[in-house]
Amino acid sequence: MSERLPPRPGEAIARDRPVTFDFEGRKVRAFEGDTVGSALAAAGVRITGRSFKYHRPRGIMCMTGSCPNCLMQIDGIPNVRSCTEPVREGSTVRRQNAWPSVDRDVHGWIGVFSFMLPPGFYYKLFHRPRWVWPLVEPFIRSKAGLGKVPREADHDAREVQNHHCDVLVIGGGAAGLAAAAEAAGAGASTIVLEERSEPGGSLLGSADGVGAESLLGDAEAAGARVLVGTAAFGVFGGPLVAAASRDRLHRIRPRHLVFATGATEQGAVFPNNDRPGIMLSSAVELLVNRYRVLPGRRAVVLTSDDHGYATARTLRDAGAQVTVVDLRPQGGTADGFAVIPGSTIVAADGRRRVREVVVGEPGSHGGRSIPCDLVALAGFAAPSTNLLAMTGAELTFDERAQAFLPIELPPNVHAAGAVAGARSTAAAIAQGRLAGLEAAGATGHLTPEMDERIERLRLEAAVDQDPVVLPPEAGAGAGKQFACLCMDVTNKELKTAVAEGFDSMELLKRYTTITMGPCQGKACMTASQRLCSRATGSSFPETRPTTARPPWTPVELGTMAGWRRTPRKESTMHDRHTDAGATFMWAGDWRRPHRYATPEAEVEAVRNRVGVIDVSSLGKFRIRGPGAVELLERLYPNRFADLRVGRIRYGLMLNDEGVIIDDGTVCRLDEDEFFVTVTTGNTAALERWITWWNADWRFDAQVLNVTGAYGAVNLAGPASREVMRALTHSDVSGEAVPYLSATRMEVAQVPALVLRIGFVGELGYEIHFPSMYGEHVWDAIVAAGKEHGIAPFGLEAQRILRLEKQHILVGQDTDAESDPYEVGLGWTVKADKEDFLGKRGLVGLDEVAGERLVGFTCPSEWLPPEGASVVHEGVWVGRVTSARRSAAAGSVVGLAWIPAGWASEGTGFEIQFGSNRARATVALRPFYDPDGERLRS
Amino acid sequence: MTFLITCPNCGPREALEFSFGGETTRRAGPDATDVELAGYLFFRGNVNGWQTEWWLHRDGCRRWFLAERHTLTNEVRATYWHNDREGSTA
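Keep in mind that what you see is a predicted model, and the values were worked out from it rather than measured.

## Notes on the overall build of chain B
Phase 1 of the analysis: In terms of helices and strands, chain B carries 1 helix and 6 strands.
Phase 2 of the analysis: Helices and strands in chain B line up, N terminus first, as β-β-β-α-β-β-β.
Phase 3 of the analysis: Along the longest, intermediate and shortest principal axes, the C-alpha atoms of chain B span 40 × 25 × 20 Å.
Phase 4 of the analysis: By residue count, 13% of the 90 residues in chain B fall in the buried class.
Phase 5 of the analysis: For chain B, the share of sequence-separated contacts (at least 6 apart) that also reach a separation of at least 24 residues comes to 52%.

Encoded structure:
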């Protein structure tokens, strides 16, 4: 901390609030307000990482999160931009991509072999002879990539937050804050997104000029919401802006957008332009003015405008010896520092740190050496148009600005400040105000004299600016000249790639990976374009920048993934099942008991005594109103107009192709009211289906999904009537409550609807009741059934029981081509009805001899799995859809699709799966109680 | 793919709250020819431009309505109940 400069107004650090963190085992002391990068600079750490490919030492370059040089592993999270990451007490900071340490990285030798690592080397080298690649691949893979992905799951809560506003300002610099103040002042709801932890943009580092604080104060006083540490990373149609902050993904839907994304300073290309100590003027000014760290004592500033002189004064005032190298022949005014006009930096030297630069005329191959330990590259800024381009804005090359500027903007998009070409704070603020007012006006927030103010601001915003002078595309001499720091791509490699035929930016990008690294082209787009244009002989304007795509700034995968969500539904009796030792399985979104004891024991209880199964997950609908009958008549091929009140009828549901989409029961509660059940996993889809047709046909019927409102159990078995008698005062005799009847009665003092139906083929009662009474009803049934030997049964037992009755499961035994005739349910189709879904689609299908779904028995030790093939002379002719061992049938029983011609009682066929084979016999009637006497009893 | 849709019942909401029901079609009735049936079941206009289509406010009021949406820009210029518009069929 001895390296801090004396206090100055406007500094970011709170010297009375120290913060300590661990840096590779060493305690680093910093102050609140520091970033990890500024604290390390103050602690004398010059090498902040090793480069991606050649493992060259790299130091702080931008201090704005725009380059790859200072990516570190912080508290386990890899690739954190340490230059903008605020310090936190006790955090752990590690540098990356080096072994054993960044200071002594043994991989530095890779640079010596760079002739072996040309662009696309992994496509070219090591592939012949063919056995070489498998040997070298693991080595290359272990060297590739940055940082280490933590093995522990990230348990941080991540959220999605939606925002809606009139005006969204992207960028909280001078232009953005001015725009927000105007827009919010006019009454528009306004949000500002600022990526860094404090607003102010380029004002933050400046030694003088308008303070960021007053602009922020104006914006907030006007009512704008400023979200700091929140980086916009994508703009989508709508418009929808996606932004990321530490713990959440923001989805913002503004009516108008103001882009005040500023500009990104660009480096210059010359030999060894990546040596630590060579940085952008933004970094120098932020380090000196905000964090009070002097990054070097002998400085060279390369510039072509006033910016470099401001940087030179900042360094001079901090006590450094400064030389300004000015590209303009006339130069600027020396003011306590030397000025070399008409010159550029031709080359740099030094290994772990810049030691000297060679200064000469642009285009020359040599010049005079100037010893230095700091180089500031000032004033070459490229407008950050990438997010703006995602709106479809047209970018046009501007000769004076030597940059692509947004000229044609979509109607709800505005641009202000450096992104629109402003190069002074005054112009940026005027443009910001103008954009803010225009956006407010366009969203209906008009203020008095708005038009006059807009006219006046237009004049202020349109300032005449000097033409930009850029440094030469490249320098001269030995040493690598880097265009792209992220991926370690040099001038020479770009030239090679162009010579190989990759002669446009988009091709160069894909081949050499320029602009594809962590910085996404922020630090290298201009250099890459200019080198590309030089190598191809085209002009800079002809060399379009590469297409920007989200994410524009690095976003953690956890932010995208959000927190873990698995919808899970449980019946109100769920805890009772758990207590009874049930194992559970998924049925759609529901957790349902798979078994309690053994499925065989549960089957035995149902067949001989009584069993109870929780069927709460059945989809349940109440359909009522004058149009209810008409709606059902159209939804089902079966007839319901003649269904008497209190009676139940089975029905298939078809689509207009005539394909089965569901089955279930329809119960008439009243003239105009029906209770409909559907398959568990299909409930949501059927709600959509039924309500959609109801909306389309405009019947006067209400459809209400009451699945969650009613719990339900099925009480089944020869003793079930006895159990019912103990549960209700109502008459439950076969005469009072016959098969396929629906009766309202109290069961265990709870109002219930009792349906005499059963999927398992025994005397049974399906009891529907308000779901809040689940545990009470379950307990009452179990208690009442105790003397009869009641057993709860799960889905596995139910599947055996239903197979013994040859009841189909839609979706299990049928598929997207199954019609009612094929599955033996043609009797439910009343083709004489005027119209129903599937009526036209079914025409003729009853006469098609295709396949049939039939029952089969199979006296085999082997249980054929679902999907086993039915084969005939070695050829596939059908498949098994369900099979279980049945005690009642004394063999394996199942359902299978077979050729229609075989569908007669007793026909034999062969089943095969892998090397297993078995003979099966067609059984057209249920294996158990074929006439349904037990069911109807 | 996300934008705002104005539910006639609930107002403007995120498109992700809705389920898409497809472009409106003319259902092939019981007397349709094979060609009409196939056209209704398997062919869609797939227009590049304004399209009238079904939407369900799935995570809201769970009601179906019609929307006029531009298939290229996702701009939704009108939403209304089917009852309020004569003549169109699903």
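Moving on from the model shown.
## Overview of the overall build of chain A
Phase 1 of the analysis: When you go through chain A residue by residue, the secondary structure sums to 23 helices and 47 strands.
Phase 2 of the analysis: A compact globule built from 937 residues should have a C-alpha radius of gyration of about 30 Å, whereas chain A, at 38 Å, is more than 25% larger.
Phase 3 of the analysis: Principal-axis analysis of the C-alpha atoms gives chain A an extent of 110 × 80 × 55 Å.
Phase 4 of the analysis: Across chain A, every contact between residues at least 6 apart in sequence was considered, and the portion connecting residues at least 24 apart equals 66%.

## Section: the interface of chain A and chain B
Many authors give the size of an interface as the accessible area that is lost as the parts come together.
Phase 1 of the analysis: At the junction of the two partners, chain A supplies 18 residues and chain B supplies 23 residues.
Phase 2 of the analysis: Per-class residue counts for the side of chain A that touches chain B are 4 nonpolar, 5 polar and 9 charged.

## A look at the domain arrangement of chain A
Phase 1 of the analysis: Domains assigned within chain A are domain 1 (1–146), domain 2 (159–264 + 383–461), domain 3 (268–379), domain 4 (481–565), domain 5 (574–801) and domain 6 (808–936).
Phase 2 of the analysis: Averaged C-alpha coordinates put domain 4 of chain A and domain 6 of chain A at centres separated by 61 Å.

## Here we look at the pairing of strand S6 (residues 77–81) of chain A
Phase 1 of the analysis: Pairing geometry for strand S5 (residues 71–74) of chain A and S6 of chain A, over 3 bridges, is antiparallel. Paired with Ile 74 of chain A across the bridge in S6 of chain A is Ile 77 of chain A.

## A word on the confidence of the model for chain B
Phase 1 of the analysis: Residue-level pLDDT values for chain B average 89, and 92% of them are 70 or greater.
Phase 2 of the analysis: Across the whole predicted complex the pTM is 0.77, and at the interface the ipTM reaches 0.94.

## Remarks on unusual backbone geometry
Phase 1 of the analysis: Backbone torsion omega between Pro 550 of chain A and Pro 551 of chain A reads 0°, so that peptide bond is classified as cis.
Phase 2 of the analysis: Tracing the backbone shows Pro 551 of chain A in the loop between helix H13 (525–536) and helix H14 (557–561).
Phase 3 of the analysis: One non-glycine residue, Arg 62 of chain B, lies in positive phi territory at about 60°.
Phase 4 of the analysis: Residue placement: Arg 62 of chain B occurs in the loop between strand S4 (50–56) and strand S5 (64–70).
Phase 5 of the analysis: Although it is not a glycine, Asn 74 of chain B sits at a positive phi angle of roughly 65°.
Phase 6 of the analysis: Mapped onto the elements, Asn 74 of chain B comes out in the loop between S5 and strand S6 (76–80).
Phase 7 of the analysis: On the basis of neighbour counts, which here come to 16 C-beta atoms within 10 Å, the residue Asn 74 of chain B falls in the partly exposed class.

## Quick notes on the sheet that holds S6 of chain B
Residues and elements named next belong to chain B.
Phase 1 of the analysis: Taking strand neighbours across the sheet as the criterion, the 4 strands line up as S3-S4-S5-S6 in an open arrangement whose pairing is antiparallel. The two strands at the open ends of the sheet, each matched to only one other strand, are strand S3 (19–23) and S6. The average undirected angle you get between the axes of adjacent strands in this sheet is 30°.
Phase 2 of the analysis: Both S5 and S6 contribute to a ladder of 4 bridges, which runs antiparallel. Following the sheet pairing, Arg 69 is matched in S6 by Val 76.

## What to know about the packing of helix H9 (residues 425–442) of chain A against helix H10 (residues 450–461) of chain A
Residues and elements named next belong to chain A.
Phase 1 of the analysis: For the pair H9 and H10, interaxial distance at closest approach is 8 Å and the crossing angle is 150°. Taken together, the axes of H9 and H10 lie roughly antiparallel to each other. For the pair H9 and H10, the crossing hand works out as left-handed. Every residue of H10 that contacts H9 at Ala 427, Ala 430, Gln 431, Arg 433, Leu 434, Leu 437, Glu 438 and Gly 441 is listed here: Met 450, Arg 453, Ile 454, Leu 457, Arg 458, Glu 460 and Ala 461.
Phase 2 of the analysis: Per-class residue counts for the contact of H9 with H10 are 8 nonpolar, 2 polar and 5 charged.

## Structural notes on the pairing of strand S20 (residues 356–360) of chain A
All names here are of chain A.
Phase 1 of the analysis: The buried count for S20 comes to 4 of 5 residues, which makes it a mostly enclosed element.
Phase 2 of the analysis: Of the pairings in the sheet, the one linking strand S19 (residues 344–349) to S20 comprises 5 bridges and is antiparallel in character. The residue of S20 that forms the bridge with Asp 349 is Glu 356.
Phase 3 of the analysis: The turn joining S19 and S20, which pair antiparallel and follow one another in sequence, is formed by 6 residues; a positive phi near 125° is taken by Gly 350.

## As for the environment of Ala 12 of chain A
Phase 1 of the analysis: Relative to the helices and strands, Ala 12 of chain A is located in the segment before strand S1 (14–23).
Phase 2 of the analysis: In sequence terms Ala 12 of chain A and Gly 392 of chain A are 380 residues apart; their C-alpha atoms lie 38 Å from each other.

## Some points on helix H17 (residues 628–635) of chain A
Phase 1 of the analysis: If you check which residues of H17 of chain A are buried, you get Ala 628, Val 629, Leu 631, Leu 632 and Leu 635 of chain A. End-on view of H17 of chain A: buried residues confined to an arc of 160°, all on one side of the axis.

## A short note on the sheet that holds strand S46 (residues 908–913) of chain A
All names here are of chain A.
Phase 1 of the analysis: Pairing within the closed barrel is antiparallel, and its 6 strands lie in the order S42-S45-S44-S43-S46-S47. Neighbour-to-neighbour, the strand axes of this sheet turn through a mean angle of 45°, independent of strand direction.
Phase 2 of the analysis: Taken together, the 6 bridges between S46 and strand S47 (residues 916–923) define a ladder with antiparallel strand orientation. From the neighbouring strand, Phe 909 faces S47, where its bridge partner is Ala 920.

Procedures and definitions
- Residues numbered from 1 in each chain as written.
- Chains lettered and ligands numbered in written order.
- Predicted model: local features only at pLDDT ≥ 70, side-chain atom pairs only at ≥ 80, totals over all residues.
- Helix = DSSP H or I, 4+ residues; strand = E, 2+ residues; numbered from the N terminus.
- Buried ≥ 20, exposed ≤ 12 C-beta atoms within 10 Å, placed from the backbone.
- Contact = placed C-beta atoms within 7 Å.
- Rg over C-alpha atoms; globule rule 2.2 N^0.38 Å.
- Nonpolar A, V, L, I, M, F, W, Y, C, P; charged D, E, K, R; others polar.
- Domains from an automatic or database assignment.
- Pairing = 2+ DSSP bridges.
- pLDDT = per-residue confidence, 0-100.
- Axes fitted to C-alpha atoms, helices over the stretch in contact; angles between N-to-C directions.
- Parallel < 35°, antiparallel > 145°, perpendicular 65-115°, else oblique.
- Left-handed = near helix turned anticlockwise from the far one by under 90°.
- Arc of directions from axis to C-beta.

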